[in-house]
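The chain contents come next:
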Amino acid sequence: QVQLVESGGGWVQPGGSPRLSCTASGSIISIYAVDWYRQAPGRQRELVAHLPTGGSPNYADSVKGRFTISGDNAKNTVYLQMNSLKPEDTAVYYCHANILCVRTTTRGYWGQGTQVTVSS
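Criteria and cut-off values
- Residues numbered from 1 in each chain as written.
- Predicted model: local features only at pLDDT ≥ 70, side-chain atom pairs only at ≥ 80, totals over all residues.
- Heavy atoms only, no water.
- Buried < 20%, exposed > 50% of the residue type's maximum accessible area, 1.4 Å probe, protein only.
- Helix = DSSP H or I, 4+ residues; strand = E, 2+ residues; numbered from the N terminus.
- Pairing = 2+ DSSP bridges.
- Axes fitted to C-alpha atoms, helices over the stretch in contact; angles between N-to-C directions.
- Core = buried A, V, L, I, M, F, W, Y, C linked by side-chain atoms within 4.5 Å.
- Contact = heavy atoms within 4.5 Å.
- Salt bridge = Lys/Arg side-chain N within 4 Å of Asp/Glu carboxyl O.

Draft legend 1. Structural detail: the pairing of strand β11 (residues 114-118). The side-chain alternation of β11 yields one buried face, formed by T114, V116 and V118, and one unburied face, formed by Q115 and T117. As defined by bridge partners, strand β2 (residues 10-12) adjoins β11 across 3 bridges and the pair is classed as parallel. Of the residues in β11, the one forming a bridge with W11 is T117. When strand β9 (residues 91-101) meets β11, the two strands line up antiparallel, connected through 3 bridges.

Written out as structure tokens, the structure reads:
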């Protein structure tokens, strides 16, 4: 069984720069592509950032130049550095990862989400 646990959310003033973390635990053999999504009230969940295995990250246009996704393989952790936050960035942020575990095939896992509220 795999768990993804996010942290780092909370209340942030406009222009703030929090960093979200997502750590995977369990009987993990390999972690492949990882993503950050977000869901604002009344809106569909949207992809914010994608980090492919051995490739370059890509971002939604709305966060390009402000957000950075990165990973630490040794810690089974992916980060989302968010800069110059705007009120419209307010959402629940979820990490998603494709993971190969012992005795299973590769599948996607979701974290429980962390709320980010941008307000003065």
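What follows picks up the thread again.
Draft legend 2. The sheet that holds strand β7 (residues 67-72), seen in detail. Overall, antiparallel pairing links the 4 strands, which are arranged β1-β3-β8-β7 in an open sheet. If you trace the sheet from one side to the other, it starts and ends with β1 (2-7) and β7, each paired once. For this sheet, the mean angle separating the axes of adjacent strands, direction not counted, is 15°. Sheet topology note: the β1/strand β3 (residues 19-26) ladder contains 6 bridges and is antiparallel. Looking at the pairing, L4 lines up with A24 of β3.

Draft legend 3. Representation of the nonpolar core. With 30 residues, the main nonpolar core has W36, I69, L80, Y93 and I99 as its most contacted residues. Where this core is concerned, the elements lending two or more residues are β1, β3, β4 (28-39), β5 (46-51), β7, β8 (77-82), β9 and β11. Ranked by residues supplied to this core, first place goes to β9 with 6 residues. Excluding residues that lie within four positions of it along the chain, Y93 makes contacts with E6, L20, W36, Y37, R38, V48, F67, L80, M82, G113, T114 and V116.

Draft legend 4. The pattern of salt bridges, seen in detail. Evaluation of the coordinates by the stated rule reveals 4 salt bridges. In this structure, K64 and D61 form a salt bridge, with 3.1 Å as the shortest nitrogen-oxygen distance. Across the pair R66 and D89 runs a salt bridge whose closest N-O atoms are separated by 2.8 Å. Taken together, the residues span a long stretch of sequence, with R66 in the loop between β6 (58-59) and β7 and D89 in the loop between β8 and β9 at a distance of 23 residues. Judged on exposure class, the residue R66 and its partner D89 are both buried.

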